[in-house]
Amino acid sequence: QGLKPLVPTESPAPIFGTSKPPSVLPATEAFLGKNKVPDLQKVFQRSDGLPVHLKGGVPDRMLYRTTMALTIGGTIYCLVALYIASQPKNK
Amino acid sequence: MTHQAHSYHMVDPSPWPILGAAAALLTTSGLAMWFHYNSPYLLIMGLLSTALVMLQWWRDIVRESTFQGHHTPTVQKGLRYGMVLFITSEAFFFLGFFWAFFHSSLAPTPELGGQWPPTGIQPLDPMDVPLLNTAILLASGVTVTWAHHSIMEANRKQAIHALTLTVLLGFYFTALQAMEYYEAPFSISDGVYGSTFFVSTGFHGLHVIIGSTFLLVCLLRLIKYHFTPNHHFGFEAAAWYWHFVDVVWLFLYVTIYWWGS
């Protein structure tokens with residue numbers, strides 16, 4: 001009572017609420033990349049009649065053809081090798 | 001456009017089953033060509049085609065589930081049964097090798113010096129690296145459980161941290177075992193001790209590598225937002241497999257490393 005405050009009671013200019021709102025800060029938005037699952041769901045649910053193993057387009061076709069070539073070629077090589085291996089050793 | 005009146009998944013026609021069978025043919029005949037004719041080409045083709053088939057088949061399953069929504073609760077139940085049956089079959093696989101170990105070690109023959117470990121064998125100290133490996137796998141069991149709870153609580157950052165730790169612990173185990181294999185004073189051809197030791201721990205090590213790879217794939221899927229707090233069976237399957245690998249190690253440690261030394 002009667003004491004004059006040495007510290008002004010009026011608070012200084014607000015420093016809160018002057019930084020960027022959270023939605024603009026990239027760090028809190030996505031940790032290690034953003035969610036692309038909805039986009040991929042759209043891609044793989046297209047009614048293009050393609051089976052799931054080819055539905056990704058060109059990369060799928062390339063991988064499929066490589067696997068097919070390796071496997072079919074390998075099977076032929078295998079049959080040849082087994083034929084040769086089954087020949088008796090001539091003294 | 002017809003719609004199904006049931007909750008099962010009728011898959012699209014796929015080349016992977018038959019190509020996988022062909023890859024198995026190339027791998028097995030390739031092994032024979034390598035062992036008997038010193039020619040590794042067929043084996044390399046076999047291993048490569050096996051890897052390609054596995055990659056594409058599992059990629060397609062991720063597409064069918066996460067992107068196309070075919071994994072209803074009914075389908076998931078079937079997958080759970082499948083994983084349980086598979087792990088059970090693996091348990092029986094290891095049971096065989098434990099049987100072989102006890103057959104030879106419970107009644108050591110005169111050829112072994114009538115003792116176990118056999119005369120001349122210096123077993124590894126179970127309190128050295130094997131004990132560290134035990135701690136590593138037990139810790140990884142804790143971290144994978146932590147990751148599971150984080151996924152169920154939708155805590156992305158903690159889930160990624162915990163699963164990353166799990167994978168790193170798995171690789172650490174493998175690296176330490178590789179070093180142990182290199183430094184061991186006995187080899188696989190050192191009688192029945194060497195055979196039982198390296199075949200049992202060797203197959204276990206292979207399963208650690210498989211489990212670590214499965215967990216690594218789950219980590220990548222987790223980062224790409226594939227899992228939801230209620231639906232993440234791929235992760236659960238990997239965690240079950242990982243706990244199985246841990247339990248097999250505990251049996252190996254207690255019987256072969258500790259009792260057998």
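Residues numbered from 1 in each chain as written. Chains lettered and ligands numbered in written order. Predicted model: local features only at pLDDT ≥ 70, side-chain atom pairs only at ≥ 80, totals over all residues. Heavy atoms only, no water.

Where an unreviewed UniProt entry is consulted, chain B appears under the name Cytochrome c oxidase subunit 3, with the organism given as Rhagologus leucostigma. The Sequence similarities (unreviewed entry) field of the UniProt record for chain B holds the comment "Belongs to the cytochrome c oxidase subunit 3 family." Under Subcellular location (unreviewed entry), UniProt gives the following word-for-word description of chain B: "Mitochondrion inner membrane". (UniProt positions renumbered as here; feature names shortened; annotations may be inferred.)

Looking at an unreviewed UniProt entry, one finds chain A named COX7R oxidase, with Rhagologus leucostigma as its source organism. Under the Subcellular location (unreviewed entry) heading, UniProt states for chain A: "Mitochondrion inner membrane". For chain A, the Sequence similarities (unreviewed entry) comment in UniProt is given as "Belongs to the cytochrome c oxidase VIIa family."

**Examining the overall build of chain B**
In terms of helices and strands, chain B carries seven helices and zero strands. Secondary structure of chain B in N-to-C order comes out as α-α-α-α-α-α-α. By principal-axis analysis of the C-alpha atoms, chain B measures approximately 75 × 45 × 30 Å. For chain B, with 261 residues in total, the buried portion stands at 44%. Residue pairs at least 24 apart in sequence account for 74% of intrachain contacts in chain B once pairs closer than 6 positions are excluded. In the form shown here, chain B has an accessible surface area of approximately 13,900 Å², with 72% of it arising from carbon and sulfur atoms. Taken as two groups, the 8 positive and 13 negative side-chain charges of chain B have centres that lie 22 Å from each other. (Helix = DSSP H or I, 4+ residues; strand = E, 2+ residues; numbered from the N terminus. Buried < 20%, exposed > 50% of the residue type's maximum accessible area, 1.4 Å probe, protein only. Contact = heavy atoms within 4.5 Å. Areas by Shrake-Rupley, 256 points an atom, 1.4 Å probe, with all protein chains shown as cover. Lys, Arg positive; Asp, Glu negative; His and termini not counted. Charge placed at Lys NZ, Arg CZ, Asp CG, Glu CD.)

**Topic: the packing of aromatic side chains**
All names here are of chain B. In total, this model carries 30 aromatic pairs over all chains according to the counting rule given. Here the aromatic rings of Trp 116 and Tyr 193 are separated by 5.5 Å at their centres, their planes lie at 45°, and the arrangement is tilted. Remark: Tyr 193 occurs in helix 6 (residues 191–223) and Trp 116 occurs in the loop between helix 3 (73–106) and helix 4 (129–152); sequence separation between them is 77 residues. Across the pair, exposure class does not vary: Trp 116 and Tyr 193 are buried alike. Seen from their ring centres, Phe 233 and Trp 240 are 5.7 Å apart, and the 75° between their planes marks the pair as edge-to-face. Given a relative accessible area of 9%, Phe 233 falls into the buried group. Over the face of the ring belonging to Tyr 225 we find Arg 156, whose NZ or CZ atom lies 3.7 Å from the ring centre. (Phe/Tyr/Trp six-rings, centres within 6.5 Å; stacked < 30°, edge-to-face > 60°. Lys NZ or Arg CZ within 6 Å of the ring centre and 35° of its normal.)

**Re the nonpolar core**
Side chains of a nonpolar character, in soluble globular proteins, are inclined to be buried together. Ranked by internal contacts, the top residues of the largest apolar core, which has 49 residues, are Leu 163, Phe 186, Phe 197, Leu 215, Leu 222, Phe 235 and Trp 249 of chain B. Counting only elements with at least two residues in this core, the list comes to helix 3, helix 4, helix 5 (156–183), helix 6 and helix 7 (233–259) of chain B. By residue number, the principal contributor to this core is helix 7 of chain B, which donates 15 residues. Filtering out sequence-adjacent residues up to four positions away, Phe 235 of chain B remains in contact with Val 144, Ala 147, His 148, Ile 151, Leu 163, Cys 218 and Phe 227 of chain B. Counting eight residues, the second-largest nonpolar core is a separate cluster that includes Cys 78 of chain A together with Met 33, Leu 42 and Leu 52 of chain B. (Core = buried A, V, L, I, M, F, W, Y, C linked by side-chain atoms within 4.5 Å.)

**Remarks on helix 3 of chain B**
An α-helical segment advances 3.6 residues per turn. Residues three or four places apart therefore align on the same side. Helix length check: helix 3 of chain B, at 34 residues, gives a terminal C-alpha distance of 48 Å against a target of 50 Å (1.5 Å per residue), a fit within 8%. All buried positions along helix 3 of chain B are accounted for by Val 75, Gln 76, Met 83, Ile 87, Glu 90, Phe 94, Phe 98, Phe 101, Ser 104 and Ser 105 of chain B. (Expected span 1.5 Å × (residues − 1).)

**Examining a nonpolar patch on the surface**
On the surface, a cluster of nonpolar side chains totalling about 520 Å² of accessible area is made up of Ile 72, Ile 76, Val 80, Tyr 83 and Ile 84 of chain A. Tracing the backbone shows Val 80 of chain A in helix 3 (residues 58–85). (Patch = residues over 30% accessible without salt bridge, like charges linked within 9 Å, V, L, I, M, F, W, Y side chains within 5 Å. Salt bridge = Lys/Arg side-chain N within 4 Å of Asp/Glu carboxyl O.)

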